[in-house]
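Listed below, chain by chain, are the residues.
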Amino acid sequence: MGLLSDPVRRRALARLVLRLNAPLCVLSYVAGIAWFLALAFPPLTQRTYMSENAMGSTMVEEQFAAGDRARSLARDFTAHRRKSGALPVAWLERTMRSVGLEVYTQSFSRKLPFPDETHERYMVSGINVYGILRAPRAASTESLVLTVPCGPDSTNSQAVGLMLALAAHFRGQIYWAKDIIFLVTEHDLLGTEAWLEAYHDVNVTGMQSSPLQGRAGAIQAAVALELSSDVVTSLDVVVEGLNGQLPNLDLLNLFQTFCQKGGLLCTLQGKLQPQDWTSIDGPLQSVQTLLLMVLQQASGRPHGAHGLFLRYRVEALTLRGINSFRQYKYDLVAVGKALEGMFRKLNHLLERLHQSFFFYLLPALSRFVSIGLYMPAAGFLLLVLGLKALELWMQLHEAGVGPEEAGKTPGSSPPHPPTQGVGLASLVAPLLVSQAMGLALYVLPVLGQHVATQHFPVAEAEAVVLTLLAIYAAGLALPHNTHRPLPCRVVSTQAPDKGWMALKLVALIYLALQLACITLTNFSLGFLLAASMVPAAAVTKPSGPRPLYTALLVLTSPAATLLGSLFLWRELQEAPLSLAEGWQLFLAALAQGVLEHHTYGSLLFPLLALGLYPCWLLFWNVLFWK
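Quick look at the structure, then. (Residues numbered from 1 in each chain as written. Predicted model: local features only at pLDDT ≥ 70, side-chain atom pairs only at ≥ 80, totals over all residues. Heavy atoms only, no water.)

Observations concerning the overall build of the chain
Looking only at helices and strands, the chain features 20 helices and 12 strands. For the chain, the spread of C-alpha atoms along the three principal axes comes to 100 × 60 × 45 Å. Across the chain, contacts joining residues at least 24 apart in sequence account for 81% of those joining residues at least 6 apart. Accessible surface for the chain amounts to roughly 26500 Å². Of this, 63% is attributable to carbon and sulfur atoms. (Helix = DSSP H or I, 4+ residues; strand = E, 2+ residues; numbered from the N terminus. Contact = heavy atoms within 4.5 Å. Areas by Shrake-Rupley, 256 points an atom, 1.4 Å probe, with all protein chains shown as cover.)

Set out below in structure tokens:
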């Protein structure tokens, strides 16, 4: 305490911090990036293991052998769907009843905030069909779900056929202790969301749906199945859910265990597992897989029907049949046996999955990085903001120190002119205008789409995107003209301008708090934003090479970060984009981000519009401070 209370020692500490601030900031940022890249290398990446005792052994005998029946049902489903032009509800009801299920339907409708040009829909209405296999050995208090999403343009007939064949096989077994729900949803995720809201008796997205006539117990786990053909060369597992949620790691371990038992090739992010971890090739491949997972999790999108189950505390994942690695061939029997084994082990659960990790990163399917190992990477980046805020605070404090406080005699130096005050009133206007621009960015694109279509030859979706870009660009012209020095203030020529320092101090604290909160819930999003925004936030000031600072600030803005992430994502997928293709994908991502926020409750758009964009405008204001 003496170090802080003694003025001489306090000033010595301040001079030390100011002298070492720049190298400490650079070292901290480099350490954060290096730590993140090191997550793909042992020993930071660990082998996965089963934590739940009830699922620790795969000693179950899978007896599913109805591959021909699954293919026949898939052909019938395709024929009836082609004939009706929609989901063949009557055929599904008849087929499910024939295998001994309790069959129910649910109708739903949803008017989207603006037309979805990707799927060509605006007024959406459909019917979900589900059958319940009651557990013969227990009351209907718990259940499992096997769901197959069917969109208007998706070829998921093989998954429907396999699901119905599994239902017939499960019906003949007597060991089930949980109800099993076989769900076929229309319009992909919209149907899934309508069914989940009705099942849990909530309405969080404004979906109009009929109440469910039949229910099972509390859902313990769910598996979404997507198959593009009856020949599967690999099964790709998808774990990223809405707003970056992830299922319990034990569910992923269970899938991998039964794939290994049945000899199935399983992939993560479409990539095979590294075989040789002793050479550099294995860790480099895991870096690519890790980056792909980070980019997908940061998007906040539900990358499969399982992503909506996670909102309701239901552990779920999506299995996608891939037909790409031609040297491996598996039929529907192999896939069915893996699903049978998974459901039989989930049937043994006495409580919800909770013993393994909920926060993790996956550099490979057989390896993971726990939250305790990846959080220091974000911590190092956020430390830069703390160091710069401490430097500004000390500079503001030293600028207000008089000669007596500096330990000098009154006659040792001429008195200083009055220094410029912080002028908190001058910070109110930039803060209010920046937040107002963020609010306009969030509200006006959807509300003003009809006005835009009346005055300009554009469609509703184009109007939303163009309004977003217009408001985003307009914000660059407003904030730095919103403050003026107070006329009664005497400005010192020897003291620094404390106004922009105070504004930057507020902006640094604001950005650090936002990134810290985001990182705790969605590490991938928080880390990407920190890696892009922290350098520009640290160096921005009104003096110095302003064109360089302007370019750096623009290139690290939230919109530029999104554009760069799209190019990186496609590059890692080995499908690089041209500049024109990247721009079109960027515009589509903007429209989808707004649409998914209003349709499913994705939080990426409001986080950027109401939080990070206004904060970025504050740094833009600092750069052009007058």
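Once you've had a look at it, read on.
Quick word on the sheet that holds strand E7 (residues 218–227)
Read from one edge to the other, the open sheet built from 9 strands follows the order E6-E2-E3-E5-E4-E7-E10-E8-E9, with strand pairing classed as mixed. Only two strands of the sheet have a single partner each, and these edge strands are strand E6 (208–209) and strand E9 (266–268). (Pairing = 2+ DSSP bridges.)

Description of unusual backbone geometry
Residues Pro42 and Pro43 are joined by a peptide bond in cis, for which omega reads 10 degrees. As for its placement among the helices and strands, Pro43 is situated in the loop between helix H2 (7–38) and strand E1 (46–47). At Asp188, a position not held by glycine, the phi torsion is positive, near 55 degrees. Assignment of secondary structure puts Asp188 in the loop between strand E5 (179–186) and helix H6 (189–199). Relative accessible area serves as the criterion here: at 17%, Asp188 is assigned to the buried category. In this model, Arg313 sits at a positive phi of 60 degrees, which is unusual for a non-glycine residue. Structurally, Arg313 is set in the loop between helix H9 (306–309) and strand E10 (315–322). Judged by its relative accessible area of 37%, Arg313 is partly exposed. (Buried < 20%, exposed > 50% of the residue type's maximum accessible area, 1.4 Å probe, protein only.)

A word on the packing of helix H8 (residues 281–299) against helix H18 (residues 558–572)
Contact geometry of H8 with H18 gives a least axis separation of 10 Å together with a crossing angle of 140 degrees. With respect to their mutual orientation, H8 and H18 come out oblique. Of the two possible hands of crossing, H8 and H18 adopt the one that is left-handed. Packed against H8, whose contacting residues are Gln288, Leu291, Leu292, Leu295 and Gln296, the element H18 presents Ser565, Leu568, Trp569 and Leu572 at the interface. In the contact of H8 with H18, the residues fall into 6 nonpolar, 3 polar and no charged. (Axes fitted to C-alpha atoms, helices over the stretch in contact; angles between N-to-C directions. Parallel < 35°, antiparallel > 145°, perpendicular 65-115°, else oblique. Left-handed = near helix turned anticlockwise from the far one by under 90°. Nonpolar A, V, L, I, M, F, W, Y, C, P; charged D, E, K, R; others polar.)

Thoughts on a nonpolar patch on the surface
Together, Leu16, Leu20, Leu24 and Leu27 give the surface a local cluster of nonpolar side chains, amounting to about 340 Å² of exposed area. Looking at where Leu16 falls in the secondary structure, it is placed in helix H2. Accessibility expressed as a relative area gives 36% for Leu16, which makes it partly exposed. (Patch = residues over 30% accessible without salt bridge, like charges linked within 9 Å, V, L, I, M, F, W, Y side chains within 5 Å. Salt bridge = Lys/Arg side-chain N within 4 Å of Asp/Glu carboxyl O.)

Things to note about helix H20 (residues 604–623)
Count 3.6 residues to each turn of an α-helix, and residues three or four apart come out pointing the same way. Between its terminal C-alpha atoms H20 stretches 27 Å, which fits the 28 Å expected from 20 residues at 1.5 Å a residue. The largest bend in H20 comes to about 35 degrees, at Leu612, with the proline Pro614 one to four residues further on. With 16 of 20 residues buried, H20 is to be regarded as a mostly interior element. (Expected span 1.5 Å × (residues − 1). Bend = angle between axes of the 7 residues up to and from the residue.)

Quick word on the sheet that holds E1
Pairing within the open sheet is antiparallel, and its 3 strands lie in the order E1-E12-E11. Two strands lie at the open edges of the sheet, namely E1 and strand E11 (360–364), each paired on one side alone. Of the pairings in the sheet, the one linking E11 to strand E12 (residues 367–370) comprises 3 bridges and is antiparallel in character. Residue pairing across strands places Ala364 opposite Arg367, the latter belonging to E12.

The values reported here are purely geometric and, on their own, carry no functional implication.
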